[in-house]
Amino acid sequence: MSGPHHVDHHVRADEAGKRLDVVVGSLDGIVSRSSAQRLIADGLVQVNGAPASKRHIVRAGERLDVEIPPYDRGDLVPEDIPLDVRFEDEHLIVLSKPAGLVVHPSQGHWSGTLVHALLAHADELGTLAGEDRPGIVHRLDKDTTGLMMVAKTDAAQAALSEAIKVRSIDRRYLALVHGYIAPDTGLVDVPLGRDVRDRMKMAASEAASAKQAVTTFKVLERFSTGRYDDGFTFIECKLYTGRTHQIRAHMAYIKHPVVGDQLYGARRPKADLGLERQFLHSYSLSFEHPFTGARLEFIDPLPEDLASRLAAISDLSMGRTAAGDGVVVALAAGRRP
């Protein structure tokens, strides 16, 4: 079991006027509003240094100090949800996540998540990420598909998290974005924070709370303008940091939003090739096993819905780059060239 940890939170202007249990229930590490109410009832939530009722109406600037007890899996119940496992030993799991599967419990998703599936699949999972995230090392958005790592022990979770922090894990994504990208390579080094106008989105920010976010990309193939769009560019993105919505927010920032992105895109069905989810797939994962030292490399081909959209615009192709030819070889061989 992991020990207790604290969450310090200053009430934002958009949270002012809400009940204390509602605000606490939305904080990272809190599984649900009912969990928040239990914490408040147990005296583990303070407002400006003093206990308060769950019905307390918060004001902007108030400081919330929340003590989260040791992990005990709380309200989580194992669920028999199929998993596409690509590798598993006593330390870790590598799997391919399908579209529509939320990684861990959150507001509006208290069941049917990857975490619930993992609880049914494994007898033990790492506990270091909190009671609602057993085994989780990194995340993919609900409608982003592809390769993920999961830790079965605390030692593995600590080692893999550190490897991500020091950027020794190679994570690459395939994305189809709007517009013509002229350079063959690019770097987006722009800090990200919550969009002040839409709390569901991330945006470029100079605020002190913004976090460094670095994405590089290579152009794989370009497609000329069609009847309903301004062309497309097929790219490989490499993450150097792991911020929420990082690739989606960065590509929108440089005016090349991901095709099908309902949050960051223009939501034009014909221009989005009929996709109602972002064309973003975690296709390549490469890292050194934290305990055996073996180099593990995985390639996950595009799922059918994305592959079919790419095939549908093949007549508009302006040709692949050398990097694009390399990815085609990698996908066919099941390993990086």
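I will try to describe carefully the structure that is included in this document.

Definitions and limits used
Residues numbered from 1 in each chain as written. Predicted model: local features only at pLDDT ≥ 70, side-chain atom pairs only at ≥ 80, totals over all residues. Heavy atoms only, no water. Helix = DSSP H or I, 4+ residues; strand = E, 2+ residues; numbered from the N terminus. Rg over C-alpha atoms; globule rule 2.2 N^0.38 Å. Buried < 20%, exposed > 50% of the residue type's maximum accessible area, 1.4 Å probe, protein only. Contact = heavy atoms within 4.5 Å. Areas by Shrake-Rupley, 256 points an atom, 1.4 Å probe, with all protein chains shown as cover. Phe/Tyr/Trp six-rings, centres within 6.5 Å; stacked < 30°, edge-to-face > 60°. Lys NZ or Arg CZ within 6 Å of the ring centre and 35° of its normal. Pairing = 2+ DSSP bridges.

### Remarks on the overall build of the protein chain
1) Next: Each helix and strand counted, the protein chain has 7 helices and 16 strands in total.
2) Next: Taken over the C-alpha trace, the protein chain has a radius of gyration of 21 Å; the compact-globule value for 337 residues is 20 Å, and the two agree within 12%.
3) Next: The dimensions of the protein chain, computed from C-alpha atoms along their principal axes, are 65 × 45 × 35 Å.
4) Next: The buried share of the protein chain, taken over its 337 residues, is 47%.
5) Next: Considering only contacts within the protein chain whose residues lie at least 6 apart along the sequence, 68% involve residues at least 24 apart.
6) Next: Summed over all atoms, the accessible surface of the protein chain reaches about 15,800 Å², with 50% contributed by carbon and sulfur.

### With respect to the packing of aromatic side chains
1) Next: Taken as a whole and judged by the stated rule, the model has 3 aromatic pairs.
2) Next: Put simply, the rings of Phe87, Phe287 and Phe298 touch in pairs and so form one group of aromatic residues.
3) Next: Positioned above the aromatic ring of tyrosine 180 is the side chain of arginine 222, whose terminal nitrogen or guanidinium carbon lies 5.5 Å from the ring centre.

### Re the pairing of strand S8 (residues 170–178)
1) Next: For S8, the tally of buried residues reaches 9 of 9 residues, placing the bulk of the element in the interior.
2) Next: With burial as the criterion, each face of S8 is covered, one bearing Asp170, Arg172, Leu174, Leu176 and His178 and the other bearing Arg171, Tyr173, Ala175 and Val177.
3) Next: Judged from the 6 bridges that link them, S8 and strand S14 (residues 280–288) form a sheet pairing that is antiparallel. Paired with tyrosine 173 across the strands is serine 282, a residue of S14.
4) Next: Relative to strand S13 (residues 232–239), S8 runs antiparallel, the two being bridged by 7 bridges. Paired with alanine 175 across the strands is isoleucine 235, a residue of S13.

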